[in-house]
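Structural overview
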Amino acid sequence: MNVDVLVIGGGAAGMAAATAAAQAGARTQLLERSLRLGGVLDQCIHPGFGLHRYNAELTGPEFAHRQREELYASGAQVCLGTEVIGVDARARQVRSVSPQGVHTIAPKALVWAAGARERPLGALQVPGSRPSGVYVAGLAQRMVNIHGLLPGRRAVVLGSGDIGLIMARRLHLEGTEVAAVLELKPFAGGLLRNVVQCLDDFGIPLLLEHTVIALHGRRRLEGVTVAAVDGSGRPRPETQAFIEADTLILSVGLIPETELVPFVERDPGNRGPAVNARMQTDCPWVFAAGNCTVIYDLVDTVAASGAVAGEQAAHFALGRMQGLGPDIRLSRGENVAHMVPTSLSPGVPTRLSLRVPQPLGRARVLLAGREIARRPGLRPSEMLEITISHELIAQLDSCPEAKLEVIPL
Amino acid sequence: MTRRRIVCVSCPVGCEINVDIDQGSIVHLEGNRCPRGEDYARQEAVEPKRVLATSVHVAGGTYPLVSVRTSTPVPLERIPDMMEHIKRLTVSAPVRLGQVLDRELLGTQADLVATRDVPQGSPHPACTPPAPAGSRPHVAAD
Ligand code: SF4
């Protein structure tokens, strides 16, 4: 079989991409290195997914189940247990390995949907010993929800991203005492609903502007020293305190996975590939979608980005891609931390996802000086979704670059 | 009259709803961006309820656990008891998504529902995916 569209990764973005590509008439193949489709959804057993895509509040496994059924109905071919080991940009070839051996595929288009990796302890430069008992939150989640193992008896959670908050509740429910959740910033990293239903509901303290400054313990973690931080994030030694714990859970950020596609241009703010409104990189046959482009906060948006990438990759592969002119690059103005896409494509109506770097009150969003949205309150934990119409993009047509900015009112 | 701030957890927006309560009943409510928020705040003011999601042991399945949720929100203060009850359950594979594993949990109106399929089998299935069609197997060193 000749492959028109090859999708790398069987999580929410990859499944949506392969489904859309197959539905658009492309011969589609999806490679997934684990033995199950669903990616991280499989271990996210809490509800809160699918309000946009399925108009229902689903758990992660339920969301993945629906996506799997759509994928299999689309006719795309799925290869599990198959890990990509190299992408040759010039030859347009992808090499993978499975128990059957090493395979080379030369697809007409590629959708990179490899997700993200968690920032580990090594990225934090915390002094002290290196005992066992330190886990990134996603790993702890996998242990508890897939393997039925408890990581420890008394835990401190560092970082208040959504996974950290969800894990604090999950550990508490399973009988691990959660001493506290620490957050370096003066505001929680995760959604407000998760602060309420994961911490407040169970009386778990959230210590804002606090961090871990030392680990203790020789073989197993025995405790951590924590301290309050000043306005620039530096620990204040006079505030330090010891918390006894055999477990430290890290929820200190996710990094888009792009190791095997180093040849595409990366957006320094998003840390993933720069993509246009088709989710197409600067290497025209390579598309990207999901958390490998930017860290999204909703799986619904991840799946939506996958659907765009899959459909557009199919158009590219089948020689049907239509454009009305060169892409218009977006440049970051004030208060824009993350933005996807990073350029607009004339003729392609666009859903822009945007994240602000700090909480803003009422604010308006400007594109090349024109107001495109106005919101009552913006927080970094919630990406803003803005639909940019055809007409607006047509008005920008002549400029090669347009500034995106968020102005507090 | 007392004023309470209730964060609606019904969707990711997380509206902050201000509720005025006079003699146990809500007299005024503002800040919700949709009608679900009003229902939520009215319930929250009298008896907070949440959907509980956790896992149940599975015997003879490809997973050692099946993820489960309650079919309706349950009283927050009953959740510790429910966890104790659920931890003692074991079901046997196969389990189907949507299957009711326990009815009327501790006398509430909520059933315990499986949120994934767990087929019968060993927890570590043999790894035999189909080879990508049309591709030529190579030795790893080439
Ligand atoms: S009031 Fe409506 S929009 Fe606001 S959090 Fe609740 S469900 Fe969401």
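Residues numbered from 1 in each chain as written. Chains lettered and ligands numbered in written order. Predicted model: local features only at pLDDT ≥ 70, side-chain atom pairs only at ≥ 80, totals over all residues. Heavy atoms only, no water.

Another point: the nonpolar core. Grouped together as the largest cluster of nonpolar side chains are 60 residues, with contacts concentrated most on Val-5, Leu-6, Ile-8, Phe-63, Leu-71, Leu-110 and Val-111 of chain A. Counting 45 residues, the second largest nonpolar core, distinct from the first, contains Leu-173 and Ala-188 of chain A together with Ile-86 and Ala-110 of chain B. (Core = buried A, V, L, I, M, F, W, Y, C linked by side-chain atoms within 4.5 Å. Buried < 20%, exposed > 50% of the residue type's maximum accessible area, 1.4 Å probe, protein only.)

Counted according to the given criterion, the structure contains 28 salt bridges over all chains. A salt bridge links Glu-70 of chain A to Arg-53 of chain A, with the shortest nitrogen-to-oxygen separation between them at 3.1 Å. Taken together, the positions of Glu-70 of chain A in helix H2 (residues 60–74) and Arg-53 of chain A in the loop between strand S3 (47–49) and strand S4 (58–59) put the pair 17 residues apart, joining distant regions of the chain. We note a salt bridge from Glu-16 of chain B to Arg-5 of chain B, for which the minimum N-O separation is 2.7 Å. Separated by 11 residues along the polypeptide, Glu-16 of chain B in strand S2 (residues 16–22) and Arg-5 of chain B in strand S1 (residues 2–7) bring together distant segments of the chain. Taken together, the shared-partner salt bridges connect Arg-379 and Glu-382 of chain A together with Arg-5 and Glu-16 of chain B into one network. (Salt bridge = Lys/Arg side-chain N within 4 Å of Asp/Glu carboxyl O. Helix = DSSP H or I, 4+ residues; strand = E, 2+ residues; numbered from the N terminus.)

Looking now at helix H1 (residues 12–23) of chain A. An α-helix turns once every 3.6 residues. As a result, residues three or four positions apart point the same way. Residues and elements named next belong to chain A. Taking 1.5 Å of rise per residue, the 12 residues of H1 would be expected to cover 16 Å, and the 17 Å separating its terminal C-alpha atoms lies within 8% of that figure. With 11 of 12 residues buried, H1 lies mostly within the body of the structure. For H1, the full list of buried residues reads Ala-12, Ala-13, Gly-14, Met-15, Ala-16, Ala-17, Ala-18, Thr-19, Ala-20, Ala-21 and Ala-22. Elements that come into contact with the buried residues of H1 comprise strand S1 (5–8), strand S2 (28–31), H2, strand S9 (109–112) and helix H6 (299–317). Positive backbone phi, approximately 100°, marks Gly-25, located one or two places after H1. (Expected span 1.5 Å × (residues − 1). Contact = heavy atoms within 4.5 Å.)

All right, on to the site of the ligand then. Around the ligand, a shell composed of Cys-8, Ser-10, Cys-11, Gly-14, Cys-15, Asn-32, Arg-33, Cys-34, Arg-36 and Gly-37 of chain B is seen. Split into classes, the residues belonging to the shell around the ligand amount to 4 nonpolar, 4 polar and 2 charged. (Near = heavy atom within 4 Å. Nonpolar A, V, L, I, M, F, W, Y, C, P; charged D, E, K, R; others polar.)

All right, on to the domain arrangement of chain A then. Residues and elements named next belong to chain A. When the domains of chain A are assigned, the result is domain 1 (1–118 + 253–321), domain 2 (120–252) and domain 3 (325–409). Look at where the C-alpha atoms of domain 1 and domain 2 centre, and you get two points 31 Å apart. In total, domain 1 and domain 2 occlude about 1200 Å² of area from one another, counting both sides; carbon and sulfur atoms represent 47% of this. With its nearest N and O atoms 2.9 Å apart, the salt bridge here joins Glu-57 to Arg-193. Residues of the side of domain 1 that touches domain 2, tallied by class, amount to 3 nonpolar, 4 polar and 3 charged. (Domains from an automatic or database assignment. Buried area = accessible area lost by both parts, 1.4 Å probe.)

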